Amino acid sequence: MPTPLLELRHLVKSFGGVLAVAGASLEVEEGRLLALIGPNGCGKTTLFNLVTGIERPEAGSIRLAGREIGGLPPQARARLGIGRTFQVPGVLAALSVRENLEVAATAAGRPRAEVAHALEQAGLGRFAERAAGTLPHGLQQRLELAMVLLQRPRLLLLDEPTAGLELGESLAVAARLRRLVAAEGIAALVVEHDLAFVRALGAEVAVMLRGRIAARGPYARVAADPDVRAAYLGSRA
Amino acid sequence: MSREPLLPALLLWTALALLPFAAPAWLLAQLAQYLAYGLLAMSLAYVWGQGGLLSFCQALFFGAGAYAFALAGLGRLPLLPASPGLGLVLAVLVPTALALLLGLLLVGARVATGPAWAVLTLVLGVIAERLAVASPFLGGSNGLAGLPPLALPLPGRTLELLDPLPTYLALLLVAAAVQLGLARAIAAPSGSLLRAVREDPLRAAHLGIDPTRARLRAFTLAAAVAGLGGGLFAAQFGFVAPPLLGLGLSTEVLVWVAVGGRGSPLAALLGAVLVKTVEGLLGEWLGAGWPLALGLLLLLVVLLFPRGIFGGLLARLAGAPDP
């Protein structure tokens, strides 16, 4: 069996005695799209923070392509190919759209010529000289994703990419993500609340409950799991 | 601001280079002093405006440069000959090394933003001034006087920077070179990485940027510029004293930079010249009441021109995005 791109083993992280991540284990294979769902406070964002290096785990291991990365700072993990978007788009508000992309390109060692291409691809050409913070939410998300893609990540972590978007927009995001994963061979882990979006992704689903990965499989099977239904999906499924 | 517009800078430096044909010697001497302060102002504009590090100890590096120049000029350093030229080199190297050391302690300890940073830099300036007052080696509260002037080796003779005209021209040359150099650093790719760290260090780290390293570089570069200004200041006046290191001057430079515009070293330099000039005029008109009037003026400027008087102007010329 090939080594999974991301391999989390028994991760533990607590805040002030409260266990946020309680022995979570998860694997993400190369080129795989995986949705991570779970109720509020179940530890999804903390899990992301552990993978990107904002938080350090108290126990457990984080491997990227077989290499232990749990002790590396965020910038080192980014350079190894982990790209991340945030719930609140992490654009550099005072800088222009173009400069945001230039920063991302420079940091990733990509030629600045790629910036013009990224601007066009993201449909942000006519906003190039606007301060990023003045863009509407949806465009900021697009900019953030374009910045992350300039990094040429091997693993993409998306934290609620449809937060603040309308249904039509979020379905478009799902379609774009599917194309991206298929075309670039990137692995993507997507934290999402919006179950319509998760269904539209057509991806495998992992469910996080009380700091652990409680189930994983196709959406229909996971949604039928009695534990999952009781804890999270309830009557909405 | 991501670009220092080149044209206004070139116009300004050309105008200042032509000034000796029209201006009296006392004005040139005055401006030479302001240009030394201008170097200090540009250093703060870089580390604060570009790096987001509001340093309350920028005069510490200016003073360290001045003292390094004085000690080397007077031949007080062991094993080294008395040499103003060497003094000027040390005026850059000593503050650079000092900033690297302090930066590793402060920036490395991740206190680079917020109240801890402000208080620590503030305290550093106070400590430095007290140390200078207490140190016989540094001349105590009297400081060090009788420094030899800088000398330029010209073909056939040596030109001592004693008279206003050569002093002014030397300062002008250095200030212009530093301003254009900083403009280049700001426009360079590494300049945009520094601004990314200023905006959001965590986000920058997620793009692969090392925030600590970017800040440390900015802090050190700014200290080198401030030190150069301090060395040239000491060379002009022939003496150094503890207030050059202290909180008083560190606060003054904050005012210059806030008035001129922290987004641009050029604007900050103009702010230094403007505030020093207004200070002089207010002193003549109002006597002892001038600081009050200056305070009111500062308040007005901060309220009316959040980017600084010259900063807003230059930003519009550069076509920078609105904040």
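About the cut-offs
In this convention, every chain numbers its residues from 1, walking through the sequence in written order. As they are written, the chains are lettered A onward and the ligands numbered 1 onward, keeping that order. Reporting of local features is limited, given that this is a predicted model, to residues whose pLDDT is at least 70; pairs of side-chain atoms are given and counted only at 80 or more, and all residues count toward the totals for whole chains, interfaces and linings. Here the side-chain values reflect all heavy atoms present in the structure, with hydrogen atoms and water set aside. Only the stretch in contact is used when a helix axis is fitted, and all axes are lines through C-alpha atoms; the angle between N-to-C directions ranges over 0 to 180 degrees. The secondary structure listing takes helices from DSSP runs of H or I that are at least 4 residues long and strands from runs of E that are at least 2 residues long, numbered from the N terminus. By the definition adopted for this analysis, an angle is roughly parallel if under 35 degrees, roughly antiparallel if over 145, roughly perpendicular if from 65 to 115, and oblique otherwise. Left-handed describes a crossing in which the near helix is turned anticlockwise from the far one by less than a right angle; the clockwise case is right-handed. In this analysis, two residues are considered to be in contact whenever any of their non-hydrogen atoms come within 4.5 Å of each other. Geometry of aromatic contacts follows a simple scheme: Phe, Tyr and Trp rings, the Trp one being its six-membered ring, pair when their centres are within 6.5 Å, and the pair is stacked under 30 degrees between planes, edge-to-face over 60, tilted otherwise. In this analysis the charged atom, NZ for Lys or CZ for Arg, is taken to sit over a ring once it is within 6 Å of the ring centre and within 35 degrees of the ring normal. Take the accessible area each of two parts loses on contact, using a 1.4 Å probe, and add the two losses: that sum is the buried area. Salt bridge, as used here, is a side-chain nitrogen of Lys or Arg placed within 4 Å of a carboxyl oxygen of Asp or Glu. Polar contact is the term for a pair of N or O atoms within 3.5 Å; when the atoms are in protein, one must be able to donate a hydrogen and the other to accept it, and sequence-neighboring residues count only if both atoms are side-chain atoms. Amino acids outside the nonpolar list (Ala, Val, Leu, Ile, Met, Phe, Trp, Tyr, Cys, Pro) and the charged list (Asp, Glu, Lys, Arg) are all regarded as polar, and Gly is one of them. Two strands pair under a simple rule: DSSP has to find at least two bridges between them. Relative accessibility decides the category of a residue: with a 1.4 Å probe and only protein chains considered, values under 20% of the type maximum give buried, values over 50% give exposed, and everything between is partly exposed. As used throughout, the charge tally considers Lys and Arg to be positive and Asp and Glu to be negative, leaving His and the chain termini uncounted. Confidence scores labelled pLDDT are given residue by residue by the predictor and lie between 0 and 100. Excluding any residue in a salt bridge, patches collect residues exceeding 30% relative accessible area, merging like charges within 9 Å and nonpolar Val, Leu, Ile, Met, Phe, Trp and Tyr side chains within 5 Å. Shrake-Rupley sampling with a 1.4 Å probe provides the accessible areas, and residues are treated as covered by the protein chains on show and by no other component. Charged groups are reduced to one reference atom each: NZ for lysine, CZ for arginine, CG for aspartic acid, CD for glutamic acid. Nonpolar cores are built from buried Ala, Val, Leu, Ile, Met, Phe, Trp, Tyr and Cys residues. Side-chain atoms within 4.5 Å join them into one set.

## So, the packing of helix H3 (residues 97–107) of chain A against helix H4 (residues 113–121) of chain A
All names here are of chain A. Across the interface, H3 lies against H4 with an axial gap of 9 Å and an inter-helix angle of 125°. It follows from the interaxial angle that H3 and H4 lie oblique. H4 is crossed by H3, and the crossing has right-handed handedness. Here H3 contributes Val97, Arg98, Leu101, Glu102 and Ala105 to the contact with H4, which in turn contributes Val115, Ala118 and Leu119.

## Structural notes on the packing of aromatic side chains
Aromatic rings in a pair are described by how distant their centres are and how their planes are angled relative to each other. The full count for this structure, using the stated rule, is 7 aromatic pairs over all chains. An aromatic cluster of three or more residues is present, and its members are B:Tyr37, B:Phe62, B:Phe233, B:Phe237 and B:Trp256. In this structure, A:Arg84 is placed above the aromatic ring of A:Phe86, and the distance from its NZ or CZ to the ring centre is 4.5 Å.

## Describing the interface of chain A and chain B
Think of interface size as the accessible area that goes away when the parts come together; that is how it is often given. Taken together, the contacts link 29 residues of chain A with 22 residues of chain B. Summing both partners gives a buried area of about 2000 Å² for chain A against chain B, and 62% of it is carried by carbon and sulfur. Taken together, chain A and chain B are joined by 1 salt bridge. With its nearest N and O atoms 2.6 Å apart, the salt bridge here joins B:Arg195 to A:Glu99. For the pair chain A and chain B, the interface holds 9 residue pairs in polar contact (both at pLDDT 80 or more). Contributions of two or more residues to the side of chain A that touches chain B are made by helix H2 (74–79), strand E6 (82–85), H3 and helix H5 (137–150) of chain A. Among the elements that take part in the side of chain A that touches chain B, H3(A) stands out by supplying 5 residues, more than any other. Class assignment of the residues belonging to the side of chain A that touches chain B gives a composition of 16 nonpolar, 6 polar and 7 charged.

## Quick notes on the sheet that holds strand E5 (residues 67–68) of chain A
Residue and element names in this part refer to chain A. Within the open sheet, the 4 strands sit side by side as E2-E1-E4-E5. Their pairing is antiparallel. Every interior strand has two partners, whereas the edge strands, strand E2 (18–28) and E5, have only one. In terms of strand pairing, strand E4 (residues 59–64) meets E5 through 2 bridges, oriented antiparallel. Bridge pairing links Leu64 to Arg67 in E5.

## Details of H3(A)
Helical geometry note: an α-helix holds 3.6 residues per turn, so side chains three or four residues apart project in the same direction. Of all 11 residues that make up H3(A), 10 are buried, and the element is covered over most of its length. Tucked inside the fold, the buried residues of H3(A) contact H4 and H5 of chain A together with helix H7 (189–199) of chain B. Positive backbone phi, approximately 70°, marks A:Gly109, located one or two places after H3(A).

## Quick word on unusual backbone geometry
All names here are of chain A. The phi dihedral of His10 falls on the positive side, at around 50°, and the residue is not glycine. In this fold, His10 is placed in strand E1 (residues 6–15). The phi dihedral of Glu160 falls on the positive side, at around 50°, and the residue is not glycine. Residue position: Glu160 is located in the loop between strand E7 (155–159) and helix H6 (167–184).

## Focus on the sheet that holds E7(A)
All names here are of chain A. A sheet is described by the order of its strands in space; here 6 strands give the open sequence E6-E7-E8-E3-E9-E10, paired in mixed fashion. The sheet is open, and its two edges are formed by E6 and strand E10 (212–217), each paired on a single side. For this sheet the average axis-to-axis angle between neighbouring strands, irrespective of direction, equals 20°. Two elements, E6 and E7, share 4 bridges in a ladder whose sense is parallel. Counterpart to Ile82 in the pairing with E7 is Leu155. Across the sheet, H5 touches E6 and E7, and the angle it forms with E6 is around 175°.

## Remarks on the side chain of B:Arg203
Mapping B:Arg203 onto the fold places it in helix H8 (residues 201–206). The side chain of B:Arg203 is buried and forms no salt bridge, while A:Glu144, the nearest opposite charge, is found at 4.2 Å. Only 3.4 Å separates the side chain of B:Arg203 from the backbone oxygen of A:Arg84, close enough to count as a polar contact. Excluding its chain neighbours within four sequence positions, the residues that come into contact with B:Arg203 are A:Arg84, A:Phe86, A:Gly90, A:Val91, A:Leu92, A:Glu144, A:Met147 and A:Val148.

## Here's the deal with the confidence of the model for chain A
When pLDDT is averaged along chain A, the result is 90, and 97% of the positions lie at 70 or above. Considering each helix and strand of chain A separately, the mean pLDDT is smallest for helix H9 (residues 226–233) of chain A, with a value of 74, and largest for E4(A), with 96.

## Topic: a positive patch on the surface
Residue and element names in this part refer to chain A. On the surface, a cluster of positive charge is made up of Arg142, Arg176, Arg178 and Arg179. Per-element tally for the positive patch: the top contributor is H6, with 3 residues. Tracing the chain through its elements places Arg142 in helix H5. By relative accessible area, which is 31% here, Arg142 ends up partly exposed.

## Brief notes about the side chain of A:Asn49
Residues and elements named next belong to chain A. Inspection of the secondary structure puts Asn49 in helix H1 (residues 44–52). On the basis of relative accessibility, which here comes to 13%, the residue Asn49 falls in the buried class. Ignoring sequence-local partners within four residues, the contact set of Asn49 consists of Ile54, Glu55 and Arg84.

## Observations concerning the packing of helix H10 (residues 247–260) of chain B against helix H11 (residues 265–286) of chain B
Residue and element names in this part refer to chain B. Where H10 contacts H11, the two axes come as close as 7 Å, and the packing angle between them is 115°. In this view, H10 runs roughly perpendicular relative to H11, as classed from their interaxial angle. Crossing of H10 against H11: the hand is right-handed. Contact residues: H10 offers Glu252, Trp256, Val257, Val259 and Gly260, while H11 offers Ala267, Ala268, Gly271, Ala272, Leu274, Val275, Lys276 and Glu279.

## Comments concerning the nonpolar core
Core analysis: the biggest nonpolar cluster contains 119 residues, and A:Leu101, B:Trp13, B:Val240 and B:Trp256 have the highest contact counts within it. Ranked by the residues each element gives to this core, the list is headed by helix H2 (residues 25–50) of chain B, at 16 residues. Non-local contacts of B:Val240, meaning those with residues more than four positions away in its chain, are made with B:Ala66, B:Tyr67, B:Ala70, B:Asn142, B:Gly143, B:Leu144, B:Leu147 and B:Ala234. If you look at the next biggest cluster of nonpolar residues, it comprises 29 residues, including A:Val190, A:Phe197, A:Val207 and A:Leu209.

## Digging into the pattern of salt bridges
All names here are of chain A. Inspection of every chain in the model, using the stated rule, returns 16 salt bridges over all chains. In this structure, Arg84 engages Asp159 in a salt bridge whose closest nitrogen and oxygen atoms are separated by 3.5 Å. Taken together, the positions of Arg84 in strand E6 and Asp159 in strand E7 put the pair 75 residues apart, joining distant regions of the chain. You can call Arg84 buried: its relative accessible area is 2%.

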